[in-house]
Amino acid sequence: MGNLVKIQSLLNDKVKNICTQHGAPNLAGVIVRDNGNTVMHSVYGIRDVSKSKTAASNQMKKTDYFNIGSITKPVSGFFMACLIKKGILSWNTTIEEIFPECRSRSFRDSNGINENFLKTKMYELFSHVSGITGTYFHSAAKDDSNGDTDPLRYPHDHIVMYDVNNSRKPEWQNYEAMKYLRYWYTILCLKKRKYQFGSNQDMGYKNKHVSGYGAGAVVATAMAERKTGKAWEQLLDEIKTNTLGTALAIKYGGLPAGAKFHKYDAGSGKYILNDDINNSLLNYSSKFPVGGMHATVSGMAQYIRYNLPAINHAAIFDINAYHTPVTDVTQGGLAIGNGMYGHHLWHTGATGGSMAAMRIYTNQGRGIAAMSNCNGDKNVAGLLLEELEKIHRDWELI
Amino acid sequence: MTSSVFSLERRIDVFAVSDFLPTNLTSFRAERLVSYNNGDSWSANWITSENGIFQSSLAASATGDGLDTFLVGRRNDDKFYFARLPEYYEFRNLNWNVIGKGVFDGKPAMCSYGNTTSEWLNRNNISTTYQGVRVMVFGKGRDKKYWWASSVNGGASWHMAWSPIGNGVFTSSPAAACSANGNLVAVFGKGNDDRIWWAYSTNGANTWDMAWAPIGKGVFTSAPAAACSADGKRIYVFGRGKDNRYWWAYATNGVQQWDMAWTPIGEGVFTSMPSANCSWDGRIIHVFGLGKDRRIWQARSNDFGASWDIAWRKIHSKKFTNI
């Protein structure tokens, strides 16, 4: 049994040192061990680099949120698992079952969609095996004989975010617009060819010949919206309130409490606000199910605990049904294990103003995560993650 | 007075024009309001386009995938001007281009089909082609005949502008609708006898199978509005009757016959021509018009017009002038 006081002190030092050494605005680390019975975390830094570094009101606290980037994908899969537990959908529900209009030739003619994805299943949309590409571009794959598919026009809310003065901005800030945009995104995805990985930029997903970008998770949420008539945001709120029973400190929308996204300014060698993201449209982002969720350290710890099979969460969701299609390497899941570290599932995340990394060793009953609301220069989340691994290895000696 | 487009059974864009110089009623600017929930609720405010001053109301259409919206209006030189609005367009700053040299009375009509395709140019840029996106615009010439123009690249250029459709002459502006594959093209107008007449093509307007024939015996006081399903089998036509109510007719088997012509939609009375659109399968139908209070009202059916769950309801408090 390690000395928890010393371990906490060491954890605090690691977080602080990496953060200050690389000039990052903030950084957080999470360690979950002993089948979830031991949870340690540390937060360091400030919320907003444009404000006083010493003001108490600008210090990041344990209750502050960090954007988790693409870790949002498996988190969205977790929320979907909760809906599936309620019998609303299943992992094998197909696109055409939820959107039967796609079976109609005249509907497909009208929209220009094809039949490539009509039988794509829910679990495939939460993995990298659907062949739906989202916005992904691979320069190597473009000329590869396996081919890259064509891009989506206007694929991302970021186009809206960057055009913050657009007079139409108010019309996009409501859940009805979100439901339209997610269905619209689905239709646009259904116009495409299936992505065929084959280049050396296949992100390691060589387990399947047909693969794709995890943005298929947005299509999955559009399916849930059609099935229930509710926006994905409303469904998440209901799950958090009615199903999880305890406060899961993972949220969508903007970063609360004055926390900001930051990017690295090479000219000054400092991090500055990334105001392309720090705007009110973040509260209504139709693609947030793939990269727009935020977690506190306790929220991330709780998500790791949900993934530890030693803890009985059977009333909330079926962990095996969630892990097998969504995270198992043989299924190409959004959170995958490649054997390098012996962990069962992992994911990284990054936006233009944040970075995060997570590893969960289900068979060892533990997990780690690092998060920062900045992106650029150095991958401080990745650096911290390796230090968290060292702390785990040295646990008994500290 | 209004025009409207319906995308993916959820989004409705309504376009109208408002007085730019109220003293002479010859200068109007385009306005837009949107719903994202099949007309259940509407955005808070109309957005005014600051580019383009018109003497007519606008015609509108959209690609089936919802990526592009097209607008046409008549400016003070009596020529028709076209704008393509690629999503996410800024409505305040539209770019208008003239369609040929034809001059017209009244407002244009428009229909379109086809969708864009895109390719990667490099990591940060894509190339989009509008080849195959067909846009057809119709207007009433000085000779009172209907003339039309055609583009096969989303309005980037017009390979034909302008050609008359038969010898019919009309007392109203036209209406038009086409199927998703473009085979069916149907045009409607109010004749000298105040009945609604129509012409149609079943080969993408290469030739006109029939031009012109009246639809039923109803007589009207406005230009018609028209919509059709993606397969071209359900065709809907609307007009303002002598009682100032909106009446409609429909066909369910394409050009074979009119199953019903005519019956009124609710008790609402109007000062303008109607505008209308429908979902891909024709199940959902939306109709809009200017009420006596100068506000725009809506009707909606979710069952092919068997019933109207909204008939009528104001979409906004803003007042407009009928042109």
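Refer to the structure above for everything that follows.
Just so we're clear, the structure is a prediction, and the values are computed from it rather than from any experiment.

Engineer: So what exactly am I meant to see when it comes to the packing of helix 2 (residues 72-85) of chain A against helix 9 (residues 216-228) of chain A here?
Structural biologist: The description of two helices packed together rests on the angle between their axes and the distance between the axes. Residues and elements named next belong to chain A. Taken N-terminus to C-terminus, the directions of helix 2 and helix 9 make an angle of 25°; their axes are 10 Å apart at the nearest point. Our classification of the angle between helix 2 and helix 9 gives roughly parallel. Both helix 2 and helix 9 take part in a crossing whose hand is left-handed. Packed against helix 2, whose contacting residues are Lys73, Ser76, Met80 and Leu83, the element helix 9 presents Ala217, Ala220, Thr221 and Ala224 at the interface. In terms of residue class, the contact of helix 2 with helix 9 is made up of 5 nonpolar, 2 polar and 1 charged.

Engineer: How should the nonpolar core be read in this particular structure?
Structural biologist: Side chains that are nonpolar tend, in soluble globular proteins, to be buried together. In this structure, Ala356 of chain A together with Met110, Met136, Ala176, Ala186, Ala226 and Tyr236 of chain B are the most contacted members of the largest nonpolar core, which totals 208 residues. For this core, the leading source of residues is helix 8 (residues 175-189) of chain A, giving 10 residues. Here this core spans two domains, and each of domain 1 (4-71 + 234-397) and domain 2 (75-230) of chain A adds at least three residues to it. Filtering out sequence-adjacent residues up to four positions away, methionine 136 of chain B remains in contact with Met110, Cys111, Ser112, Trp148, Ser150, Ala176, Cys178, Val185 and Ala205 of chain B.

Engineer: Quick question: what am I supposed to make of the sheet that holds strand 23 (residues 275-278) of chain B here?
Structural biologist: Residues and elements named next belong to chain B. Taken in spatial order, the 4 strands of this open sheet run 23-24-25-26, and their pairing is antiparallel. Bordering the open sheet on either side are strand 23 and strand 26 (310-314), each of which pairs with just one other strand. The average angle at which neighbouring strand axes cross in this sheet is 20°, direction not considered. Note that strand 24 (residues 285-290) and strand 25 (residues 296-301) share 6 bridges and pair antiparallel. Residue pairing for strand 25: phenylalanine 288 is matched across the bridge by glutamine 298.

Engineer: Please clarify how the interface of chain A and chain B should be interpreted in this entry.
Structural biologist: For an interface, size is often stated in terms of accessible area lost upon the parts coming together. Listed as interface residues are 30 residues of chain A and, on the opposing side, 33 residues of chain B. Counting residues per element, the ones that place at least two in the side of chain A that touches chain B are helix 4 (105-111), helix 6 (139-142), helix 7 (157-162) and helix 8 of chain A. For the side of chain A that touches chain B, the element with the highest residue contribution is helix 8 of chain A, accounting for 7 residues. Classifying every residue of the side of chain A that touches chain B by side-chain character gives 13 nonpolar, 7 polar and 10 charged.

Calculation notes
Residues numbered from 1 in each chain as written. Chains lettered and ligands numbered in written order. Predicted model: local features only at pLDDT ≥ 70, side-chain atom pairs only at ≥ 80, totals over all residues. Axes fitted to C-alpha atoms, helices over the stretch in contact; angles between N-to-C directions. Helix = DSSP H or I, 4+ residues; strand = E, 2+ residues; numbered from the N terminus. Parallel < 35°, antiparallel > 145°, perpendicular 65-115°, else oblique. Left-handed = near helix turned anticlockwise from the far one by under 90°. Contact = placed C-beta atoms within 7 Å. Nonpolar A, V, L, I, M, F, W, Y, C, P; charged D, E, K, R; others polar. Core = buried A, V, L, I, M, F, W, Y, C linked by C-beta atoms within 7 Å. Buried ≥ 20, exposed ≤ 12 C-beta atoms within 10 Å, placed from the backbone. Domains from an automatic or database assignment. Pairing = 2+ DSSP bridges.

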